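Below, each chain spelled out in residue letters.
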Amino acid sequence: TLHLISSQGHSQTIEEIVKATKQTVTVPTKYHELGSQIAYFKGGTEIFFGEKCVLADGLGHFINDLEENRQIFMDAAALDEFFCAKILFAIDFRAQRWMGQCRDAKED
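> Even after reading the chapter, I still don't get the pattern of salt bridges, so can you show me in this structure?
Note that side chains of opposite charge can pair when their charged atoms are close. Summed over the entire model, instances satisfying the criterion amount to 3 salt bridges. With a shortest N-O distance of 2.7 Å, D80 and K86 are connected by a salt bridge. What makes K86 partly exposed here is its relative accessible area of 48%. R103 is the partner of D104 in a salt bridge, and the nearest nitrogen-oxygen pair spans 3.0 Å.

Spelled out as structure tokens, the structure:
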């Protein structure tokens, strides 16, 4: 949904997306919004998978990197209105791959 909205409805309008998903989604465009989205995702991950799961740990490290390189991320977000959405898309893609690997794992 986030990708569809950030692409400005090349395939669907925002109204069609909201109607189909029955939720309002906003694309973060600023550094602080990006940090909040990742922190919320990390919190949800900890609730579902535990604080010591690989995904929550990786998100925690990324949040630290985000804070340590604040100015770089702020500048990149200012130059590219889709920068924050691209970061979140990459995180979502990798999280989905990890969950798929967990689903397909076989016990020995």
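> Is there a simple way to explain the packing of aromatic side chains in this structure?
Two descriptors summarise a pair of aromatic rings, namely the distance from one centre to the other and the angle between the planes of the rings. One pass over the structure, following the stated rule, counts 3 aromatic pairs. Pairing F49 with W98 gives two aromatic rings, centres 5.4 Å apart and planes at 85°, and the pair type is edge-to-face. Separated by 49 residues along the polypeptide, F49 in helix α3 (residues 31–49) and W98 in helix α6 (residues 83–104) bring together distant segments of the chain. By relative accessible area, which is 43% here, F49 ends up partly exposed. Judged by relative accessible area, which is 19%, W98 ranks as buried. Both rings, one in F62 and one in F73, keep their centres 6.0 Å apart while their planes meet at 80°; by these two values the pair is edge-to-face. One end of the pair, F62, is in helix α4 (residues 54–68); the other, F73, is in helix α5 (residues 70–79), with 11 residues separating them in the sequence. Put simply, the rings of F62, F73 and F83 pair up and form one aromatic cluster.

> Help me understand the packing of α5 against α6 in this model?
Angle between the axes and distance between the axes are the two parameters that describe a pair of packed helices. At a closest axis distance of 7 Å, the pairing of α5 and α6 adopts a crossing angle of 115°. Here α6 runs roughly perpendicular to α5, going by the angle between their axes. Every residue of α6 that contacts α5 at F73, A76 and A77 is listed here: F83, C84 and I87. Of the residues contributing to the contact of α5 with α6, the split by class is 6 nonpolar, no polar and no charged.

Conventions we followed
Residues numbered from 1 in each chain as written. Predicted model: local features only at pLDDT ≥ 70, side-chain atom pairs only at ≥ 80, totals over all residues. Heavy atoms only, no water. Salt bridge = Lys/Arg side-chain N within 4 Å of Asp/Glu carboxyl O. Buried < 20%, exposed > 50% of the residue type's maximum accessible area, 1.4 Å probe, protein only. Phe/Tyr/Trp six-rings, centres within 6.5 Å; stacked < 30°, edge-to-face > 60°. Helix = DSSP H or I, 4+ residues; strand = E, 2+ residues; numbered from the N terminus. Axes fitted to C-alpha atoms, helices over the stretch in contact; angles between N-to-C directions. Parallel < 35°, antiparallel > 145°, perpendicular 65-115°, else oblique. Contact = heavy atoms within 4.5 Å. Nonpolar A, V, L, I, M, F, W, Y, C, P; charged D, E, K, R; others polar.

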